[in-house]
Structures are given as structure tokens and as C-alpha cells.
Amino acid sequence: MISCDDELRHWPADEAQARAVQDRLRPHVRLDEAGPEPGFEGTVVGVDVAYDDERDVVAAAAVALDARTRAVVDRATGVGQVSFPYVPGLLAFREIPTVLKALGRLARTPDLVVCDGYGLAHPRRFGLASHLGVLTGLPTIGVAKNPFTFRYAPPGPERGATSPLLDGTEEVGRALRTQQGVKPVFVSVGHRTDLDRACAHTLHLAADYRLPETTRAADALCRRALADA
DNA sequence: GCGACAG
DNA sequence: ATCTTGTCGC
């Protein structure tokens, strides 16, 4: 089993070590579970992070929404020092320590976590959402604003339309149109759920805007936490 | 070697 | 991610 505390204590010091950690943890990703059904009774938690490189400060937020009504039921923040530089493919090492602080301050355990970034849609199939899922044991999905290095054909113009996000011929996620005529978001599985449900959750959470309410709420809160830090 | 590259 | 003016529109 994975010990979250041990992983935090042995945080990689360089890129080679970070890639080795990803290769070691990757086999712990579970793709054989359905995960919570869309509209389930419970909480969906959005997490996001903001940086102040001048002060070397990072602030994270975790906002819990009622999975059915999308009402905010809890919120928590955490602050810390930047623990890793931004390197494409190694984003998790920059965000996870502070995200875990915020998650740990929620009143109850999330039923699903929505990350700002990717899960399996990653060069080594182990993006931020998968990494956070393995460390916490929670079902996670990734919703990104950009296609990263992957290819996709534009989905249809209507809300709910999807197209495969491809690494070569492998579908690593989906481009999902959450609002009519608006640029799609890029959904991938993190841990303990499947792509169909990941897209259904994302669509439900993005009823009014391009991005899921979880992401919007966490983004606003971590910016405020950074300003107050 | 050069360009691309989640946040 | 963050830096930033004005501008179009509900």
C-alpha cells in the first residue's frame, strides 16, 4: 500500500527522481472501478492552487459541493512553500503538498475530487489527478483547459458533445463541450472511476459556465488565500 | 539541435 | 500559473 506521509517525506529533489516516483506509483492507479454515479448523494471537491513566485508562496483551496445541487457545503485552504519548479509532465510535484493540506482540513472525506489538469492524459499516464488519487485513495478526475501535447478533432457545437483526446491512437481522455459554441474542456480519468462518468460529472458541474463549478470555486478561493497569505 | 509543453 | 488595457455584452 501507499503511505501518503511517506511519499511527502521522500519528495523528489530533481526531475529524474520525480519521473521515477511516477513510474513507481503508476501501477497503483485503479481503472476497474465505476466510481460514484453522476448525481450521487455526497460531495464533489474541487482543488486548485495559486502561486506567488516572488515570495515563494503557494496557496491551495479545496471546495466541497453537494454533488447533486452543486451548492457549496465546505471550504478549506492551505499555504506552503513552492516544492518543485513547473515542468510539463511533473505538475503534480508542484501542487500536491499544499493541496493535501487543504483537503485535510475539510470536515468530511470527499466522494470525488476534481483536479485542474490531467489524470491519465499524461506522457507516462500519471498526471496530477492520478497522483492525487493514488496518494489519497479517493476517486479523482482531471479537467484541463488545454489539450497539452495531445490531438483531438473539435467536438460538435452542442453542449455535451465529445471527441477523443488522442496520444497517437490511444484515447487518453476526451474533449468535452460544456457550453454551446464555447471551446471544450479536456477530461481524463484520475483514479477509481471511468471516462464516461468523468465526463458526466464534468458536464453536470459545468451547467452554467465552461469550467466546472468545483474548479471555479477553488480557483477563486485559492487566489484569495494567496492574497491573504 | 529545435520547438511544444497541464498549471 | 502570472503579467496586463481596453472592450464588447448581458
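Going by the structure above, here's the rest.
Read on for an overview of the structure. Small disclaimer: the values here were computed from a predicted structure and weren't measured.

Turning to the nonpolar core, a few remarks are in order. One finds Val-47, Ile-96, Leu-103, Leu-132 and Val-187 to be the most contacted residues of the largest nonpolar core, which totals 64 residues. The element that contributes the greatest number of residues to this core is strand 2 (residues 57-66), accounting for 9 residues. Setting aside its immediate chain neighbours within four residues, Val-187 contacts Gly-142, Val-143, Gly-173, Arg-174, Leu-176, Leu-195, Ala-198, Cys-199 and Thr-202.

By the definition in use, this model includes 2 cavities of 30 Å³ or more. For the largest cavity, the calculated volume is near 50 Å³. As for the largest cavity, its lining consists of Val-47, Asp-48, Val-49, Glu-95, Ile-96, Val-99, Cys-115, Asp-116, Leu-128 and Leu-132. Secondary-structure elements contributing two or more residues to the lining of the largest cavity are strand 1 (43-52), helix 3 (92-104), strand 4 (112-116) and helix 4 (128-136). Residues of the lining of the largest cavity, tallied by class, amount to 7 nonpolar, no polar and 3 charged. Its boundaries defined by the atoms lining it, the second largest cavity holds a volume of some 30 Å³.

Around DNA strand B lies a shell of 19 residues, among which Tyr-86, Gly-89, Tyr-118, Lys-145 and Asn-146 are the nearest. Restricting attention to atoms of DNA strand B within 4 Å of the protein, one finds that 43% of them are sugar or phosphate atoms. Within the contact set of DNA strand B, a base nitrogen lies 3.2 Å away from a backbone nitrogen or oxygen of Leu-128. Lys-145 places a polar main-chain atom, nitrogen or oxygen, 2.9 Å from a phosphate oxygen of DNA strand B.

Moving on: the packing of aromatic side chains. Within a pair of aromatic rings, the relevant descriptors are the distance that separates the centres and the angle that separates the planes. Applying the stated criterion across every chain yields a total of 6 aromatic pairs. Relative to Phe-150, the ring of Tyr-118 lies with its centre 6.1 Å away and its plane at 90 degrees, an arrangement referred to as edge-to-face. Remark: Phe-150 occurs in the loop between strand 5 (140-144) and strand 6 (162-167) and Tyr-118 occurs in the loop between strand 4 and helix 4; sequence separation between them is 32 residues. With respect to burial, Tyr-118 and Phe-150 carry one shared label: buried.

Around DNA strand C, the surrounding shell consists of Ala-50, Tyr-51, Lys-145 and Arg-223. Separating a phosphate oxygen of DNA strand C from a side-chain N or O atom of Lys-145 is a distance of 3.1 Å. In the environment of DNA strand C, a phosphate oxygen lies 3.4 Å from a nitrogen or oxygen atom belonging to the side chain of Arg-223. Looking at side-chain class alone, the surface near DNA strand C contains 2 nonpolar, no polar and 2 charged residues.

As for its placement among the helices and strands, Ala-76 is situated in strand 3 (residues 72-81). Under the relative-accessibility criterion, Ala-76 is labelled buried at 7%. Each C-alpha atom, one on Ala-76 and one on Glu-41, is 21 Å from the other, the two residues being 35 residues apart in sequence. Excluding its chain neighbours within four sequence positions, the residues that come into contact with Ala-76 are Ala-60, Ala-61, Ala-62, Ala-102, Arg-105, Leu-106 and Leu-221.

Cut-off values and rules
- Residues numbered from 1 in each chain as written.
- Chains lettered and ligands numbered in written order.
- Predicted model: local features only at pLDDT ≥ 70, side-chain atom pairs only at ≥ 80, totals over all residues.
- Heavy atoms only, no water.
- Core = buried A, V, L, I, M, F, W, Y, C linked by side-chain atoms within 4.5 Å.
- Buried < 20%, exposed > 50% of the residue type's maximum accessible area, 1.4 Å probe, protein only.
- Helix = DSSP H or I, 4+ residues; strand = E, 2+ residues; numbered from the N terminus.
- Contact = heavy atoms within 4.5 Å.
- 1 Å grid on protein atoms, 1.4 Å probe; cavity = no way out; pocket = protein on both sides within 12 Å on 5 of 7 lines; lining within 4 Å.
- Points joined across faces, edges and corners; volume = space filled by probe spheres on them.
- Nonpolar A, V, L, I, M, F, W, Y, C, P; charged D, E, K, R; others polar.
- Near = heavy atom within 4 Å.
- Polar contact = N/O pair within 3.5 Å; in protein donor to acceptor, adjacent residues only side chain to side chain.
- Phe/Tyr/Trp six-rings, centres within 6.5 Å; stacked < 30°, edge-to-face > 60°.

These results come straight from atomic positions and should not be treated as a statement about function.
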